[in-house]
Amino acid sequence: MMCGAHLADSVRKKASKALRQQLILPKGEHTTILVAISGGKDSAVLLERIHENLGRRRDVTIVGGCVDEGIEGYRPPSLECARELCEELGIRFETVSYPELGFKEMDEVVEKIVSMEEKKAPCSYCGVFRRKGINHLADRVGADVIALGHNLDDMAQTIMMNMQNGDLERTLRLAPHTSTPLEGMVPRIVPLRWIPEQEIHLYALHRGLPIHHEECPHGDGALRFRHRETVAMMEADVPGTRHGLLRMADDVKKLHALADGEFRTAKAVNCPECGQICSGQICKACEMKNQMQ
Ligand code: SF4
Ligand code: ZN
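Residues numbered from 1 in each chain as written. Chains lettered and ligands numbered in written order. Predicted model: local features only at pLDDT ≥ 70, side-chain atom pairs only at ≥ 80, totals over all residues. Heavy atoms only, no water.

Enquirer: Provide a residue-level description of the nonpolar core, including the pertinent values.
Expert: In this structure, Leu34, Tyr98, Met106, Val109, Tyr125, Phe129 and Ile134 are the most contacted members of the largest nonpolar core, which totals 44 residues. For this core, the elements supplying multiple residues, two or more each, are strand E1 (31-36), strand E2 (60-68), helix H4 (106-116), helix H5 (122-141), helix H6 (152-164), helix H10 (241-258) and helix H11 (284-291). No other element matches H5, which puts 8 residues into this core. Not counting residues within four places of it along the chain, the set of residues in contact with tyrosine 125 comprises Val109, Ile113, Met116, Glu118, Lys120, Met288, Gln291 and Met292. The next biggest cluster of nonpolar side chains, apart from the first, holds 36 residues, and it includes Leu25, Ala82, Leu85 and Cys86. (Core = buried A, V, L, I, M, F, W, Y, C linked by side-chain atoms within 4.5 Å. Buried < 20%, exposed > 50% of the residue type's maximum accessible area, 1.4 Å probe, protein only. Helix = DSSP H or I, 4+ residues; strand = E, 2+ residues; numbered from the N terminus. Contact = heavy atoms within 4.5 Å.)

So this is what it looks like as structure tokens:
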């Protein structure tokens, strides 16, 4: 166990190193970074770190953006934490709600799912809608880069899920996109991806960042939470598992780049309803939106 000062130092070093590797600032050009924040610990630490590292640069603008999913009891207080953090740091704050994007509020989506006896978990919809919201905010502020607060555990869980589904496509699309940009999408960076969730939590407390501690009431039963346990078990059994999973995914991406994208399976087309680049007939967000009508 590390003491507070050592822990803070370690978190700072790891975040700075990853940020340097993932964010290439073009000389003589201005860069706008949208930092996706939720009011939770991860994105709070992310924003605090990016602000510390880049806040004084004239060629960089940082904007904090929060998507309001419409979840009573959870979103209003966490949105206020996100706003408060931006105010403390003197960072512009932007927000967009699901209804503004043409989606139903999550509380309503959950009711509908129950009435339709739909087997998909609320998070399946919410994840897709939120991605749309983040893209919308990126558009609004003219972002060149989007920063996401995924920590080491999040990343390892996602990689596990993709491997379990044999989903190579998704593994290849994983952030950071620094050397693997995706057509029609603002590149994502994930500067906290080598930092364990627990260290981030302790760091957020150590720094006294305004964070919301409650979890979303619709999150139970989500596949991600089961993977959280699996990855934690594997890590306890074989320390270094999480790092190994990330390195493996990085290597797969590198191999793919070397193969010149030859084993790409899906072709990117524009969604006929919203114009976003997607791989199917119609994008996931529009498909789910129509399902909820
Ligand atoms: Fe949305 Fe699921 Fe997260 Fe709740 S837990 S905010 S429903 S993705
Ligand atoms: Zn669409």
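From this point, the discussion proceeds with the structure in view.
Enquirer: Explain the layout of surface pockets to me, and be specific about the residues and the numbers.
Expert: Empty space within the second largest pocket amounts to approximately 330 Å³. Elements with a contribution of two residues or more to the lining of the second largest pocket: helix H1 (4-22) and H10. Counting residues per element, the lining of the second largest pocket draws most heavily on H10, at 6 residues. A per-class count over the lining of the second largest pocket returns 3 nonpolar, 6 polar and 6 charged. (1 Å grid on protein atoms, 1.4 Å probe; cavity = no way out; pocket = protein on both sides within 12 Å on 5 of 7 lines; lining within 4 Å. Points joined across faces, edges and corners; volume = space filled by probe spheres on them. Nonpolar A, V, L, I, M, F, W, Y, C, P; charged D, E, K, R; others polar.)

Enquirer: Residue-level account of the packing of aromatic side chains, with values.
Expert: Overall, the coordinates contain 4 aromatic pairs when judged by the stated rule. Between tyrosine 98 and phenylalanine 103, the ring centres sit 6.0 Å apart and the planes meet at 85°, which makes this aromatic pair edge-to-face. When sorted by exposure, tyrosine 98 lands in the same class as phenylalanine 103, which is buried. Ring centres of phenylalanine 103 and phenylalanine 129 lie 4.0 Å apart, and the angle between their planes is 10°; on these two criteria the pair is classed as stacked. Residue phenylalanine 103 is located in the loop between strand E3 (92-97) and H4, and its partner phenylalanine 129 is located in helix H5; the two are separated by 26 residues in the primary sequence. Per residue, the accessibility class of phenylalanine 103 equals that of phenylalanine 129, and both read buried. (Phe/Tyr/Trp six-rings, centres within 6.5 Å; stacked < 30°, edge-to-face > 60°.)

Enquirer: Lay out the site of ligand 1 with the relevant residues and their values.
Expert: Lining the immediate surroundings of ligand 1 are Ile71, Cys123, Cys126, Arg130, Cys216, His218 and Gly219. Its residues assigned to classes, the shell around ligand 1 comprises 4 nonpolar, 2 polar and 1 charged. (Near = heavy atom within 4 Å.)

Enquirer: Tell me about the pairing of E2, residues and numbers included.
Expert: Among the 9 residues of E2, 7 are classified as buried, and the element is accordingly described as predominantly covered. With helix H2 (residues 41-54) bridging E1 and its parallel neighbour E2, the resulting β-α-β unit is right-handed. One ladder, built from 6 bridges, connects E2 with E3; its direction is parallel. Paired with glycine 65 across the two strands is glutamate 94, which belongs to E3. Considered for its hand, the β-α-β crossover made up of E2, helix H3 (residues 75-89) and E3 is right-handed. (Right-handed = clockwise from strand over helix to strand, strands pointing away. Pairing = 2+ DSSP bridges.)

Enquirer: Explain the sheet that holds E1 to me, and be specific about the residues and the numbers.
Expert: Spatial ordering of the open sheet is given by E3-E2-E1-E4-E5, a layout of 5 strands whose pairing is parallel. Edge positions in the open sheet fall to E3 and strand E5 (188-189), since each of these has one partner strand only. Against the sheet, H3 touches E2 and E3, its axis set at about 170° to E2. Seen against the sheet, H5 touches E1, E2, E3, strand E4 (145-147) and E5 and runs at an angle of roughly 135° to E3. (Axes fitted to C-alpha atoms, helices over the stretch in contact; angles between N-to-C directions.)

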